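Here are the chains, one letter per residue:
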Amino acid sequence: MLTKDQINSWKHEGAFVMQLPSEVINPPLNWLNNNFTLDQIDPDHLDFGSPDQKFEFPTSIAPLDDLVLNERLIVAVQQLLDSIDIRLLQADLWPKIGVGSDNHEAQANTDQRMHMDYGNNTMLHPDWQSPEAVAAIIYYDDGVETAGGTAYVPRQGDADPVYQPPFIHMPGQAGKPFFNDRRTVESWFDKNDSDAHKLRSELYLREQLVNFKPGTILFYRHDLWHRGTPVTPGKLRRVHNLAWRRADARGWSNWNQGWARQSYYGHVESIIGRSTPLQRSLLDFPMPGDRYWTPQRIDHVDARYGFYGFDSAPYRQAL
Ligand SMILES: O=C(O)CCC(=O)C(=O)O
Ligand SMILES: [Fe+2]
């Protein structure tokens, strides 16, 4: 359960940081510390996202998949979105390995440009007063050793000059070219759009860094100004990027491939089998009591998933 202060920070400032309980974070953390360490990762994989998409949900690694559907996270998102009916949009775990900070190729992910995330997650434009989606980053390492805390700019009320819509003062929006690297981007704005350059300079002056240890989570909004900062050369920072939307929200894209696509090998089926009705609902599996269900539909779904431990009783009882 989130506190009123946490919910208010998210709604008004755009973000807040908290520590996940050890019973939530320890299973994935232990798995990662045994199976996903510096010597097990291709050092040339420098961009966002897991190598070969192998840690995109569903991964078939139970401690990772179960974290993504953890009910503590679901309840937190329900509170932030003022809705009990939410869907998963994104879950990907990826490594960032520190390289010399002189990597300033235009698309380098080392020292990111200030940006918002809505642009490649929804076809529409966010409305600050009615947030429809939540983003989060879970950190699995200690920022004192790795550095690389996400930097963000808290919104200061409705009159905040850097938060006046439309939010188009960033690469890739409204005809501006897309680059990832901070230096490349700011020199482009300096030459081509001096008003935006001034606004963006203000963002870097105001940015705050997330201090993290294993199990820290940053909950943020897709209309929050933020960016990734350099990881110490030779160090590894592992994070999970997650996102959810209200079931009734319009325009949002799933980041991951469709959940059902990985079926037939028992991993997806086992997720359905061992999950609770609330957890399944994140994948658009209707809740008990939903008008979708008829006795026959329950029978058929039971026939498909009973083998994997699916219990149809709650669905039958709510008919
Ligand atoms: O790596 C981070 O801390 C943030 C990454 C990010 O904001 C992004 O890739 O959109
Ligand atoms: Fe981002």
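Throughout, residues of each chain are indexed from 1 in the direction in which the sequence is written. As a convention, the first chain written is A and the first ligand written is 1, with the rest following in written order. Thresholds applied to this predicted model are a pLDDT of at least 70 for local features of residues and 80 or more for the giving and counting of side-chain atom pairs; totals over whole chains, interfaces and linings are not thresholded and use all residues. Excluding hydrogens and water, the side-chain figures rest on all heavy atoms present in the structure.

Caption draft 1: Local environment of the site of ligand 1. All residues adjacent to ligand 1 are Phe-48, Trp-94, Gln-112, His-115, Asp-117, Thr-150, His-226, Gly-228 and Arg-237. Whenever two N or O atoms come within 3.5 Å, that pair is a polar contact, provided that in protein one can donate a hydrogen and the other can accept it, and provided that, for residues adjacent in sequence, both atoms are side-chain atoms. The contact in question runs from an oxygen atom of ligand 1 to an N or O atom on the side chain of Gln-112, over 3.1 Å. Between ligand 1 and Asp-117 there is a distance of 3.2 Å, counted from an oxygen atom to a side-chain nitrogen or oxygen. Out of a free accessible area of 290 Å², ligand 1 has 91% covered by protein chains. In terms of residue class, the shell around ligand 1 is built from two nonpolar, five polar and two charged. Being near a molecule or strand, for a residue, means having at least one of its heavy atoms within 4 Å of it. Using a 1.4 Å probe, the Shrake-Rupley method yields the accessible areas, and only the shown protein chains count as cover for residues. Polar here means any residue outside two lists: the nonpolar Ala, Val, Leu, Ile, Met, Phe, Trp, Tyr, Cys and Pro, and the charged Asp, Glu, Lys and Arg; Gly therefore counts as polar.

Caption draft 2: Here's a closer look at the domain arrangement of the protein. Assigned domains of the protein: these are domain 1 (4-254) and domain 2 (259-319). Domain 1 and domain 2 are separated by 31 Å when their C-alpha centres are compared. The contact criterion used throughout is that any non-hydrogen atoms of two residues lie within 4.5 Å. With 17 residues of domain 1 at the contact, the number on the domain 2 side is 14 residues. When two parts are brought into contact, each loses some accessible area as probed by a 1.4 Å sphere; the total of that loss over both is the buried area. Of the roughly 1400 Å² buried where domain 1 meets domain 2, counting both sides, 65% is carbon and sulfur surface. When the area that domain 1 buries against domain 2 is broken down by residue, the three leading residues are Pro-58, Leu-69 and Glu-71, summing to 35%. Basic side-chain nitrogens of Lys or Arg form a salt bridge, by our definition, when they fall within 4 Å of a carboxyl oxygen of Asp or Glu. The salt bridge partner of Asp-284 is Arg-87, with a shortest N-O separation of 2.9 Å. Where domain 1 meets domain 2, there are six residue pairs in polar contact (both at pLDDT 80 or more). Helix and strand labels come from DSSP, where a helix needs a run of H or I of at least four residues and a strand needs a run of E of at least two; each type is numbered from the N terminus. Broken down by secondary-structure element, the contributors of at least two residues to the side of domain 1 that touches domain 2 are α3 (62-68), α4 (71-81) and β2 (86-97). It is β2 that contributes the most residues to the side of domain 1 that touches domain 2, four residues altogether. Throughout, the edges of the domains are those of an automatic or database domain assignment.

Caption draft 3: Fine view of the layout of surface pockets. Taken as a whole, the largest pocket holds about 680 Å³ of empty space. Using protein atoms alone on a 1 Å grid, points that fit a 1.4 Å probe yet trap it form a cavity, whereas open point sets bounded by protein on both sides within 12 Å along at least five of seven lines form a pocket; residues with an atom within 4 Å of a point count as lining. Surrounding the largest pocket, 34 residues form its lining, Gln-112, Arg-113, His-115, Asp-117 and Asn-120 being those nearest its centre. Of all the secondary-structure elements, those providing two or more residues to the lining of the largest pocket are β2, β3 (133-139), β7 (225-227) and β8 (236-246). Here the lining of the largest pocket takes four residues from β8, the largest share from any one element. Its residues assigned to classes, the lining of the largest pocket shows 13 nonpolar, 16 polar and five charged. Surrounding the second largest pocket, 14 residues form its lining, Ala-260, Ile-272, Phe-285, Arg-304 and Tyr-305 being those nearest its centre. Counting residues per element, the ones that place at least two in the lining of the second largest pocket are α8 (267-274) and α10 (295-305). When residues in the lining of the second largest pocket are grouped by element, the largest group, three residues, is from α10. Residues of the lining of the second largest pocket, tallied by class, amount to eleven nonpolar, one polar and two charged. Grid points are joined across faces, edges and corners, and a volume is the space filled by probe spheres set on the points.

Caption draft 4: Examining the packing of helix α1 (residues 4-13) against α4 more closely. Helix axes are fitted only over the stretch in contact, all axes being lines through C-alpha atoms; the angle between N-to-C directions runs from 0 to 180 degrees. Interhelical geometry of α1 versus α4 gives an angle of 55° and a closest axis separation of 10 Å. Put simply, α1 runs oblique to α4. When the axes of α1 and α4 are compared, the crossing they make is right-handed. Contacts from Ile-7, Trp-10 and Lys-11 of α1 reach α4 at Gln-79, Leu-80 and Leu-81. Residue composition of the contact of α1 with α4, grouped by class: four nonpolar, one polar and one charged. Any angle from 65 to 115 degrees is called roughly perpendicular, while one under 35 is roughly parallel, one over 145 is roughly antiparallel, and all others are oblique. A crossing counts as left-handed when the near helix is turned anticlockwise from the far one by less than a right angle, and as right-handed when that turn is clockwise.

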